[in-house]
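# Analysis of the macromolecular model
Read off the chains here:
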Amino acid sequence: MSDCLFCKIAAGAIPSNKVFEDETCLAFYDIDPQAPTHFLVIPKEHIGSVAEVTEDNAAVVAHIFTVIAQQCKKLGLQSYRVVSNIGEQAGQSVPHLHFHVLSGRDMTWPPG
Ligand code: AMP
Ligand code: ZN
């Protein structure tokens, strides 16, 4: 298996606190939550970041956004923020595409 933390979580080799799973993606709670509700949604296939999204894999990203909408509805979240960090300067620490979903507190803009 690849030496990628989120590939290992997607494969079940490292446990996660799951929100939702299907054949394409996995949603799980962040281990270091930055809001009362903070979960991540990742594709099961390895994509490094938004910078590696192409016409060939874009359907996975569209699917992830449908999952975000559905799960937020299910969790009763009416206001939330979806964030993806790309590259070190933007704060990306895990080089596998993931969307943070944060909710349950006031958010500031612009983000730091
Ligand atoms: P980023 O810094 O944008 O790349 O986001 C990576 C996120 O993954 C951070 O918010 C971490 O807290 C989270 N994280 C790292 N390891 C785990 C883990 N084993 N389970 C859940 N979340 C994790
Ligand atoms: Zn990966």
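The following paragraphs examine the structure supplied in this document.

Calculation rules
Residues numbered from 1 in each chain as written. Chains lettered and ligands numbered in written order. Predicted model: local features only at pLDDT ≥ 70, side-chain atom pairs only at ≥ 80, totals over all residues. Heavy atoms only, no water. Near = heavy atom within 4 Å. Polar contact = N/O pair within 3.5 Å; in protein donor to acceptor, adjacent residues only side chain to side chain. Areas by Shrake-Rupley, 256 points an atom, 1.4 Å probe, with all protein chains shown as cover. Helix = DSSP H or I, 4+ residues; strand = E, 2+ residues; numbered from the N terminus. Phe/Tyr/Trp six-rings, centres within 6.5 Å; stacked < 30°, edge-to-face > 60°. Buried < 20%, exposed > 50% of the residue type's maximum accessible area, 1.4 Å probe, protein only. Donors = N, O, S within 2.8 Å, 3.2 Å for Na, K, Ca; no water. Salt bridge = Lys/Arg side-chain N within 4 Å of Asp/Glu carboxyl O.

### Some remarks on the site of ligand 1
Lining the immediate environment of ligand 1, one finds 16 residues, of which Asp-30, Asn-85, Ser-93, His-98 and His-100 sit closest. In the environment of ligand 1, an oxygen atom lies 2.5 Å from a nitrogen or oxygen atom belonging to the side chain of Asp-30. The contact in question runs from an oxygen atom of ligand 1 to an N or O atom on the backbone of Ser-93, over 2.7 Å. Its free accessible area being 500 Å², ligand 1 has 83% of it covered by the protein chains. Among the elements that make up the shell around ligand 1, the one with the highest residue count is helix α1 (residues 5-11) (3 residues).

### Topic: the packing of aromatic side chains
Applying the stated criterion to the full structure yields 3 aromatic pairs. Residues Phe-6 and Phe-28 carry aromatic rings whose centres are separated by 5.5 Å and whose planes lie at 85° to one another, so their mutual orientation is edge-to-face. One end of the pair, Phe-6, is in helix α1; the other, Phe-28, is in strand β2 (residues 25-29), with 22 residues separating them in the sequence. The residues Phe-6 and Phe-28 share a single accessibility class, namely buried. Considering the side-chain rings of Phe-65 and Phe-99, the 5.0 Å spacing of their centres and the 70° angle between planes classify their relative orientation as edge-to-face.

### Some points on the coordination of the zinc ion (ligand 2)
Note on the zinc ion (ligand 2): its protein donors are Cys-4 (SG), Cys-7 (SG), His-46 (ND1) and His-96 (ND1). The metal-donor distances range over 2.0 to 2.3 Å. Along the chain, the residues that donate to the zinc ion (ligand 2) are spaced as C-x2-C-x38-H-x49-H. Of this pair, Cys-4 sits in the segment before α1 while His-96 sits in the loop between β4 (80-83) and β5 (99-103), and the two are 92 residues apart along the sequence. A relative accessible area of 0% means that His-96 is categorised as buried.

### Points about the pattern of salt bridges
Applying the stated rule across the entire model yields 3 salt bridges. Of the charged contacts, one joins Lys-18 and Glu-21 as a salt bridge, the two residues approaching to 2.9 Å between their closest N and O atoms. The partly exposed category is assigned to Glu-21, whose relative accessible area is 34%. Overlapping salt bridges bring together Lys-18, Glu-21 and Lys-44 as one network.

Treat this as a map of the structure, not an account of what it does.
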